[in-house]
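The residues making up each chain are set out below.
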Amino acid sequence: MDRAPTVSELIDQRPLSRFQIWTMALCGMVIVLDGFDAQSIGFLAPSMADSLHISVKTFGPVFGAALLGLMISSMAAGLFADRWGRKWPIVASTILFGIFAALTTQAHTRNQLIAVRLLTGLGLGGAMSNAVALLSEYAPKRLLTVFVSILFCGMPLGAVLAGTVGTVMLPIWGWQSVFYAGGVLPLALSLVLIVMLPESVRFLEVRGADHRKIARIMARVSPDLASPELYQSLSREDRRKPMPIKHLFTEGRATGTILLWIPYFMNLLILYFVVSWLPSLLRQADLPVKAGITAIILFSGGGIVGSFVEGYMMNRWGMFAVMLAEFVVSTLLIVSLAFSTSFLLTMMITLVLGFVVQGAQGGLAALAANFYPTAIRSTGVGWALGVGRIGSIVGPMLGGLMLNMRWGPREIFLAGSIPALCAAAATLLSMWRQRNFSANQKETEVIEEQPV
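1. Observations concerning the packing of aromatic side chains
Line of reasoning, step 1. Counted by the stated rule, this structure contains six aromatic pairs.
Line of reasoning, step 2. Aromatic side chains Phe80 and Trp84 sit 4.8 Å apart centroid to centroid with 45° between the ring planes, which places their arrangement in the tilted category. Linking Phe80 with Trp84, this pair stays in helix H3 (residues 60–84), spanning four residues, or about one helical turn.
Line of reasoning, step 3. By relative accessible area, Trp84 is classed as exposed at 58%.
Line of reasoning, step 4. Ring centres 5.9 Å apart and planes at 85° place the aromatic pair Trp175 and Phe179 in the edge-to-face group. A residue pair is termed a helical-turn pair when its members lie 3 or 4 positions apart in one helix, as Trp175 and Phe179 do in helix H8 (residues 175–196) at four residues.

2. A closer look at the environment of Leu118
Line of reasoning, step 1. Counting through the fold element by element, Leu118 comes out in helix H5 (residues 110–138).
Line of reasoning, step 2. Classification of Leu118 by relative accessible area gives partly exposed; the value is 29%.
Line of reasoning, step 3. Linking Leu118 and Gly69, residues 49 residues apart in sequence, is a C-alpha distance of 4.9 Å.
Line of reasoning, step 4. Setting aside anything within four residues of it in sequence, one finds Leu118 in contact with Ala65, Ala66, Leu68 and Gly69.

3. A word on the nonpolar core
Line of reasoning, step 1. Membership of the largest hydrophobic core comes to 127 residues, with the highest contact counts inside it found for Phe59, Tyr264 and Leu353.
Line of reasoning, step 2. When residues in this core are grouped by element, the largest group, 16 residues, is from helix H2 (residues 18–52).
Line of reasoning, step 3. Ignoring sequence-local partners within four residues, the contact set of Phe59 consists of Ala45, Met48, Ala49, Ile54 and Leu113.

4. Notes on the confidence of the model for the protein
Line of reasoning, step 1. Overall, the prediction assigns the protein a mean pLDDT of 82, with 88% of residues at 70 or greater.
Line of reasoning, step 2. Low pLDDT (under 50) marks residues 234–239, which in the prediction has eight contacts with non-local residues, meaning those over four places away or in another chain.
Line of reasoning, step 3. Note that residues 438–452 has pLDDT below 50 and, in this model, 33 contacts with residues that lie over four places away or in other chains.

5. Regarding the packing of H5 against helix H15 (residues 377–404)
Each packed pair of helices is defined by two parameters, the angle between the axes and the distance between the axes.
Line of reasoning, step 1. Here H5 crosses H15 at 140°, and the two axes come no closer than 9 Å. Taken as axis vectors, H5 and H15 run oblique relative to one another. The chirality of how H5 crosses H15 is right-handed. Taken together, the residues of H15 that come into contact with H5 (itself represented by Met128, Ser129, Asn130, Val132, Ala133, Ser136 and Glu137) are Arg377, Ser378, Val381, Gly382, Leu385 and Arg389.

6. Digging into the side chain of Ser417
Line of reasoning, step 1. Checked against the element boundaries, Ser417 lands in helix H16 (residues 409–436).
Line of reasoning, step 2. Looking at Ser417, its side chain comes within polar contact range of the main-chain oxygen of Leu414, at 2.6 Å.
Line of reasoning, step 3. Non-local contacts of Ser417, meaning those with residues more than four positions away in its chain, are made with Thr331, Ile334 and Val335.

7. Looking at the pattern of salt bridges
Line of reasoning, step 1. Per the counting criterion, the structure on display carries three salt bridges.
Line of reasoning, step 2. We note a salt bridge from Asp82 to Arg86, for which the minimum N-O separation is 2.6 Å. In this structure, Asp82 and Arg86 share a single accessibility class: buried.
Line of reasoning, step 3. Measuring nitrogen to oxygen at the nearest pair gives 2.6 Å for the salt bridge that ties Arg86 to Glu137. In this pair, Arg86 sits in the loop between H3 and helix H4 (87–103) while Glu137 sits in helix H5, placing the two residues 51 residues apart along the sequence.
Line of reasoning, step 4. On the basis of relative accessible area, Arg86 is assigned to the buried category, the value being 0%.

8. A short note on the environment of Tyr272
Line of reasoning, step 1. The topology assignment puts Tyr272 in helix H11 (residues 254–284).
Line of reasoning, step 2. A relative accessible area of 3% means that Tyr272 is categorised as buried.
Line of reasoning, step 3. A C-alpha to C-alpha distance of 9.4 Å links Tyr272 and Leu67, two positions 205 residues apart in sequence.
Line of reasoning, step 4. Residue contacts for Tyr272: discarding those within four places in its chain leaves Ala38, Leu67, Met155, Arg389, Ser392 and Pro396.

9. Details of the packing of H3 against H15
Line of reasoning, step 1. In the contact formed by H3 and H15, the axes pass within 8 Å of each other and the chain directions differ by 170°. One way to sum up the angle between H3 and H15 is to call them roughly antiparallel.
Line of reasoning, step 2. For the contact of H3 with H15, the per-class residue count stands at 15 nonpolar, nine polar and three charged.

10. Remarks on unusual backbone geometry
Line of reasoning, step 1. The backbone phi angle of His53 is positive, close to 60°, even though this residue is not glycine.
Line of reasoning, step 2. Tracing the chain through its elements places His53 in the loop between H2 and H3.
Line of reasoning, step 3. On the accessibility criterion, His53 (72% relative accessible area) is exposed.
Line of reasoning, step 4. One non-glycine residue with positive phi stands out, namely Arg406, at about 65°.
Line of reasoning, step 5. For Arg406, a relative accessible area of 73% corresponds to the exposed category.

11. With respect to the side chain of Glu199
Line of reasoning, step 1. In this fold, Glu199 is placed in the loop between H8 and helix H9 (201–206).
Line of reasoning, step 2. It is Arg86 that comes nearest to the buried, bridge-free Glu199 among opposite-charge side chains, at 5.3 Å.
Line of reasoning, step 3. A polar atom in the side chain of Glu199 sits 2.8 Å from the backbone nitrogen of Arg86.
Line of reasoning, step 4. Excluding its chain neighbours within four sequence positions, the residues that come into contact with Glu199 are Trp84, Gly85, Arg86, Lys87, Leu134, Tyr138, Leu204 and Ile217.

Conventions used here
- Residues numbered from 1 in each chain as written.
- Predicted model: local features only at pLDDT ≥ 70, side-chain atom pairs only at ≥ 80, totals over all residues.
- Heavy atoms only, no water.
- Phe/Tyr/Trp six-rings, centres within 6.5 Å; stacked < 30°, edge-to-face > 60°.
- Helix = DSSP H or I, 4+ residues; strand = E, 2+ residues; numbered from the N terminus.
- Buried < 20%, exposed > 50% of the residue type's maximum accessible area, 1.4 Å probe, protein only.
- Contact = heavy atoms within 4.5 Å.
- Core = buried A, V, L, I, M, F, W, Y, C linked by side-chain atoms within 4.5 Å.
- pLDDT = per-residue confidence, 0-100.
- Axes fitted to C-alpha atoms, helices over the stretch in contact; angles between N-to-C directions.
- Parallel < 35°, antiparallel > 145°, perpendicular 65-115°, else oblique.
- Left-handed = near helix turned anticlockwise from the far one by under 90°.
- Polar contact = N/O pair within 3.5 Å; in protein donor to acceptor, adjacent residues only side chain to side chain.
- Salt bridge = Lys/Arg side-chain N within 4 Å of Asp/Glu carboxyl O.
- Nonpolar A, V, L, I, M, F, W, Y, C, P; charged D, E, K, R; others polar.
- Lys, Arg positive; Asp, Glu negative; His and termini not counted.

Here it is in structure tokens:
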């Protein structure tokens with residue numbers, strides 16, 4: 001090169017270091033525990049309802065409260081992180097959802113459950129959006145899609161961990177013990193994050209931070225990068241001040257933002273509809289509580305595999321083609337659940353449904369992280385997650401509404417296929433739009449695929 005590379009160029013050009021891998025692993029641990037606390041209440045609801053003498057049919061607002069908090073914090077924490085950094089919002093959010101997960105054990109009425117789950121959600125959303133942003137800023141651009149989609153293995157892995165812990169602890173110590181575990185683990189992790197989690201070096205670069213501070217982090221990436229003379233600072237013109245929300249819709253990003261939000265909304269509606277109500281529907285079919293836990297474990301296990309391979313599939317066959325196929329298959333599988341009469345077949349459908357639904361969620365997260373520049377990445381990812389969380393609130397509440405209307409499982413599952421169809425339609429529109437833009441269209445006006 002005729003000039004010294006920037007910090008971002010060095011990260012993109014060089015092989016992954018142990019420091020980068022460890023940083024991304026810490027982000028993954030945050031997402032695992034986020035998934036543990038967000039999804040454990042789904043299979044604990046029947047036991048909680050029995051213990052507290054609350055009808056499980058009225059748990060829709062309890063499910064929705066955490067998701068409402070998650071939506072609010074996803075949007076707000078992203079704005080905070082794009083102004084002051086990624087690390088401390090992650091630490092604070094992890095402490096917050098750990099404390100209130102443990103305090104869920106002290107709730108004895110439905111209103112108390114709603115309040116404590118709302119506060120838990122405020123921590124969950126801030127942790128997730130900023131963990132995605134921080135990981136994407138330590139991943140080389142050529143591997144960003146792969147690593148962000150792998151990061152989303154953490155959500156279903158957290159659900160599997162919660163299901164496994166619940167299977168052991170629930171019969172012995174009751175549902176409260178699972179929430180205690182969901183509180184202690186994040187608080188322990190937060191201590192590790194305070195000591196070992198670095199700030200985003202790309203964020204420090206675009207904000208024009210002290211060059212010595214950047215050099216100390218780059219020395220941890222690789223000892224041969226300890227000298228600031230090896231890379232150049234961004235010019236004042238290239239540095240970015242904190243950007244308001246309106247920049248999600250400027251510089252040609254408006255249509256891309258809207259087309260990103262629609263599948264986010266629909267896919268999270270499906271995901272939380274399944275996670276929240278499948279155990280209760282199986283319980284209503286006179287199956288034991290363990291059957292509901294097994295279904296969630298299978299759904300989450302499929303999600304782990306789907307999230308892990310999502311990035312590789314998108315780079316091989318194209319981002320939109322893979323996501324369109326996943327939404328079409330989701331539609332067919334949900335319809336199949338409506339007509340399944342075999343428990344074994346239902347479990348197999350649930351496994352594959354977890355693969356496509358949660359795999360698509362990882363793909364959407366990778367798309368958001370890749371689409372928005374560093375200066376507004378946390379805001380962009382946070383608002384995409386926030387809009388998606390509206391769907392995750394609507395899904396459980398719709399399930400409760402349909403149960404109160406005395407709809408049977410068949411009618412409920414058939415209704416659940418409609419959001420998958422809408423997500424497929426939005427993705428198809430994105431494909432059509434991409435193919436019909438002329439070659440001289442500004443790069444920021446399309447959502448591009450980044451091949452590995």
